[in-house]
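# Geometric and topological summary
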Amino acid sequence: MADKMELRDVEVWDGNMAASQAMRQVQIDVVAAYPITPSTPIVENYGNYLANGYVDGEFVMVESEHAAMSGCIGASAAGGRVATATSSQGFALMVETLYQASGMRLPIVLNVVNRALAAPLNVNGDHSDMYLGRDSGWIQLDAYNPQQAYDLNFIAFRVAEDHEVRLPCMVHQDGFLTSHTAQGVKTLDDDTAYNFVGEFKPMNDMLDLDHPVTHGVQTEEDWHFEHKARQHNDLMTKVFPKIEAAFDAFEKLTGRRYNIVETYNTEGADAVVVCMGTSVETAIEVAKELRADGKKVGVIGIRVIRPWPHAQIAEALKGIKAIGALDRSSPNGTFGMLYNELAGTVVNSGESKVLTNYVYGLGGRDLTKVHLREIYAELLANAEAGKPTTPLQQLIGVRGPKISFH
Amino acid sequence: MLEIRWHSRAGQGAVTGAKGLADVVSTTGKHVQAFAFYGSAKRGAAMTAYNRVDDHEILNHEKYMNPDFVFVIDPALVYTTDVTINDKPETVYIITTHMSTDELVASQPKLNGKKVYTVDCIKIAQETIGRAIPNTPMLGAFMKISGMYDIEFFKESMKRILAKLPPKIVDANMDAIQRAYDEVK
């Protein structure tokens, strides 16, 4: 039996510590991992807990991230609670196996500490790896600070392992800005945390020898589409109710409220920015200051990236005249992902809105409050004019001549 | 909002110092943030670490800061980096040096007219802890200059944070904190 750890009500933890403590508290059966900056401390801390008797499960050291996720897939198919962590190049190397995990309906939890993708090599935070995973069939939750990195892990296990869902789930946090930033984290005691997620209940597990099953089969044109359609259908229809229920239960337990789409001051706002990660909080701070000056601005934070919360975002954007989509990943030849997704969401809203795109913060470049004030000024001008007053896509915070398109 | 910027070399304990300070402050009910710029810094490379303290939840995640306090825990960084960048008229400097405050300011004109305090954290660390780890003494000096907490409360809190270290090292750190508290000018 694993030892319990005494935690203070508020611990000063960085995002990595917060995620690793949540992983310890849910008592994972198998973690197969290959550490990579900036998620290394998650794996390191977890190994430490295990070596010191705080975890009963197995830790499998592997030779690559591809092997790490492969090990997770094997263990999950065998019938255990499984999780791991990665970033950036490691995530990229995992991509092939990510699709295996979701296609085989294995409820693995993956902590992704977001980091830029090379080249040029860069260890700092942007959302390139998070964006890379968006078609992989995983649920994707996004934390904006260490507290949320802790809390969303419990949500992830509870939703992913639900027998009506059985889909893997990523919990994202910003590299360094969250993963290495220590802040106060309100903790749950070990029993309360474990009980929120509950005992792992296997389904179609390979170690249930009385009921043999096959995992990882080949299906050609006869059945492939039906499998993918079922998976897509479950993502589109079954996940949100389960996330809502988990958020409700979590609020009841802790008083902390999470929403599929987080809104700040969007009621009666003329202009909003839509963003993810730590930028949401910095934008809220700026929006608060601008509101005090009488400017009608708000913030929308995407909490659940996949499945894409089309209806919830459409609702949040009702009456808003100008939207700035802030993408922290190089779109490499098109608009940013958020711009494109938001365009798809608002185009049939029946309201006329001005949508513009800002690409920012690549490779850890700072998003300052000054940047956000400039963005809000442009968005308010768009709202006033009822049409774009700037190019549709602008790169902000980059040195050299101004870069913009369309 | 109280904001602090640390100038250090990777390996001198600025991150541990910043996190330790955040931990102590957090126990008094305030909200805290402690972070650092890493890059792929190797031991000995110049780096910066940061603290934010506020009565309210801290939402600002920008790295940009106009610090209220600047801690310099390696003596040479006063000359090789700009420790005054983005400061404001009321910014207070606590700088590790073997020189007097007047000698230091004379040797680095950028510090002219600024609120500068000095203490030899390197020497204190060497004589107490036995290694040039100047982070805890800097916090002792900060307690004196800021008057943030009673020094006995601060030392008791740091004892808890350092509890994983051997008792001898913990005691040496307490001596280092007290000496810097007494010696900062």
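Each value, and the rule that gives it
Residues numbered from 1 in each chain as written. Chains lettered and ligands numbered in written order. Predicted model: local features only at pLDDT ≥ 70, side-chain atom pairs only at ≥ 80, totals over all residues. Heavy atoms only, no water. Pairing = 2+ DSSP bridges. Helix = DSSP H or I, 4+ residues; strand = E, 2+ residues; numbered from the N terminus. Axes fitted to C-alpha atoms, helices over the stretch in contact; angles between N-to-C directions. Contact = heavy atoms within 4.5 Å. Phe/Tyr/Trp six-rings, centres within 6.5 Å; stacked < 30°, edge-to-face > 60°. Buried < 20%, exposed > 50% of the residue type's maximum accessible area, 1.4 Å probe, protein only. Lys NZ or Arg CZ within 6 Å of the ring centre and 35° of its normal. Salt bridge = Lys/Arg side-chain N within 4 Å of Asp/Glu carboxyl O. Buried area = accessible area lost by both parts, 1.4 Å probe. Nonpolar A, V, L, I, M, F, W, Y, C, P; charged D, E, K, R; others polar. Left-handed = near helix turned anticlockwise from the far one by under 90°. Disulfide = S-S within 2.5 Å. Core = buried A, V, L, I, M, F, W, Y, C linked by side-chain atoms within 4.5 Å. Domains from an automatic or database assignment. Expected span 1.5 Å × (residues − 1). Polar contact = N/O pair within 3.5 Å; in protein donor to acceptor, adjacent residues only side chain to side chain.

## A closer look at the sheet that holds strand β5 (residues 92-96) of chain B
- In space, the eight strands of this open sheet follow the order β1(A)-β8(A)-β2(B)-β3(B)-β1(B)-β4(B)-β5(B)-β6(B), with mixed pairing throughout. In this open sheet, the two strands that pair with only one neighbour each are β1 (10-13) of chain A together with β6 (115-119) of chain B. This sheet shows a mean twist of 20° between the axes of neighbouring strands, independent of strand direction.
- Bridge analysis of strand β1 (residues 2-9) of chain B against strand β3 (residues 46-54) of chain B gives eight bridges, and the strand direction is antiparallel. Its bridge partner lying in β3 of chain B, Glu 3 of chain B is registered against Arg 52 of chain B.

## As for the environment of Gly 137 of chain A
Residue and element names in this part refer to chain A.
- Along the chain, Gly 137 falls in the loop between α5 (128-132) and β6 (139-142).
- Along the sequence, Gly 137 and Lys 228 sit 91 residues apart, while their C-alpha atoms lie 9.4 Å from each other.
- Beyond its immediate sequence surroundings of up to four residues, Gly 137 is in contact with Ser 102, Leu 167, Pro 168, Gln 231 and Leu 235.

## Section: the packing of aromatic side chains
- Throughout the structure, instances matching the rule amount to 13 aromatic pairs over all chains.
- Plain terms: the ring middles of Phe 37 of chain B and Tyr 50 of chain B are 5.2 Å apart, the flat faces sit at 50° to each other, and that makes the pair tilted. One end of the pair, Phe 37 of chain B, is in the loop between β2 (31-36) and β3; the other, Tyr 50 of chain B, is in strand β3, and 13 residues separate them in sequence.
- For Phe 37 of chain B, a relative accessible area of 33% translates into the label partly exposed.
- Here Tyr 50 of chain B falls in the buried class, since its relative accessible area comes to 6%.
- Taken together, the ring pairs connect Phe 196, Phe 247, Phe 250 and Tyr 258 of chain A into an aromatic cluster.
- A cation over a ring is seen here: Arg 158 of chain A above Phe 196 of chain A, with NZ or CZ 4.4 Å from the ring centre.
- A cation over a ring is seen here: Lys 63 of chain B above Phe 37 of chain B, with NZ or CZ 5.2 Å from the ring centre.

## Looking at the pattern of salt bridges
Residue and element names in this part refer to chain A.
- Applying the stated criterion across every chain yields a total of 33 salt bridges over all chains.
- Measuring nitrogen to oxygen at the nearest pair gives 2.7 Å for the salt bridge that ties Asp 151 to Arg 256. Here Arg 256 lies in the loop between α9 (239-254) and β9 (261-264) and Asp 151 lies in helix α6 (residues 146-160), a separation of 105 residues in the sequence.
- Given the relative accessible area of 0%, Asp 151 is considered buried.

## Here's the deal with the interface of chain B and chain A
- Contacts between the two partners involve 20 residues from chain B and, on the opposite side, 26 residues from chain A.
- Considering only the side of chain B, the residues that lose the most area to chain A are Leu 59, His 61 and Lys 63 of chain B, jointly responsible for 35% of the buried surface there.
- Summed over the shared surface of chain B and chain A, the number is two salt bridges.
- Measuring nitrogen to oxygen at the nearest pair gives 2.9 Å for the salt bridge that ties Arg 8 of chain A to Asp 23 of chain B.
- Put simply, the parts of the chain that give the side of chain B that touches chain A at least two residues each are α1 (14-26) and β2 of chain B.
- A breakdown of the residues in the side of chain B that touches chain A according to their chemical character gives eight nonpolar, six polar and six charged.

## Some details on the packing of helix α4 (residues 121-128) of chain B against helix α7 (residues 167-183) of chain B
Residues and elements named next belong to chain B.
- Put simply, α4 and α7 touch, their axes get as near as 9 Å, and they point 145° apart. As α4 packs across α7, the resulting crossing turns out to be right-handed. Here Ile 124, Glu 127 and Thr 128 of α4 come into contact with α7, specifically with Ala 172, Asp 175, Ala 176, Arg 179, Ala 180 and Glu 183.
- For the contact of α4 with α7, the per-class residue count stands at four nonpolar, one polar and four charged.

## Side note on the state of the cysteines
- One pass over the structure, following the stated rule, counts zero disulfides over all chains.
- Cys 72 of chain A provides the cysteine sulfur closest to Cys 169 of chain A, a residue in no disulfide bond, and the two sulfurs are 14 Å apart.

## Considerations on the nonpolar core
- Of all hydrophobic cores here, the largest spans 75 residues; its most connected members are Ile 139 and Phe 154 of chain A.
- Sorting elements by how many residues they give to this core places α6 of chain A first, with nine residues.
- When residues of this core are assigned to domains, at least three fall in each of domain 1 (10-195 + 224-254) and domain 2 (261-405) of chain A.
- Apart from residues no more than four positions distant in its own chain, Phe 154 of chain A is found in contact with Ala 22, Gln 25, Val 26, Leu 188, Ala 193, Phe 196, Val 197 and Phe 250 of chain A.
- Membership of the second largest hydrophobic core comes to 44 residues, among which are Ala 34, Met 47, Ala 176 and Ile 177 of chain B.

## Here we look at the pairing of β1 of chain B
Residue and element names in this part refer to chain B.
- Within β1, six of the eight residues are buried, which leaves it mostly tucked inside the rest of the structure.
- Pairing of β1 with strand β4 (residues 69-72), which is carried by four bridges, proceeds in the parallel orientation. In the sheet register, Trp 6 faces β4, and the bridge partner there is Phe 71.

## Section: unusual backbone geometry
Residue and element names in this part refer to chain A.
- That bond from Thr 37 to Pro 38 is cis: its omega, 0°, falls within 30 degrees of zero.
- Within the secondary structure, Pro 38 is located in the loop between β2 (30-33) and α2 (40-51).
- Cis geometry is adopted by the peptide bond preceding Pro 307, which originates at Arg 306 and carries an omega value of -5°.
- The topology assignment puts Pro 307 in the loop between β12 (304-306) and α11 (310-316).

## What to know about α1 of chain B
- A rise of 1.5 Å per residue sets the reference length of α1 of chain B, with its 13 residues, at 18 Å; its end C-alpha atoms lie 18 Å apart and thus fit the reference within 8%.
- Across the 13 residues of α1 of chain B, 10 count as buried, placing the element largely inside the fold.
- Of the residues making up α1 of chain B, those classed as buried are Ala 14, Gly 17, Ala 18, Gly 20, Leu 21, Ala 22, Asp 23, Val 24, Val 25 and Ser 26 of chain B.
- The inward-facing, buried residues of α1 of chain B contact β1 of chain A together with β1, β2, β3, α5 (135-146) and α6 (151-161) of chain B.

## Remarks on the environment of Asp 366 of chain A
- Along the chain, Asp 366 of chain A turns up in the loop between β14 (354-359) and α13 (369-385).
- Given the relative accessible area of 17%, Asp 366 of chain A is considered buried.
- Every residue in contact with Asp 366 of chain A, bar those within four places of it in the chain, is listed here: His 371 of chain A together with His 61, Glu 62, Lys 63 and Tyr 64 of chain B.
- Looking at Asp 366 of chain A, its side chain comes within polar contact range of the main-chain nitrogen of Lys 63 of chain B, at 2.8 Å.

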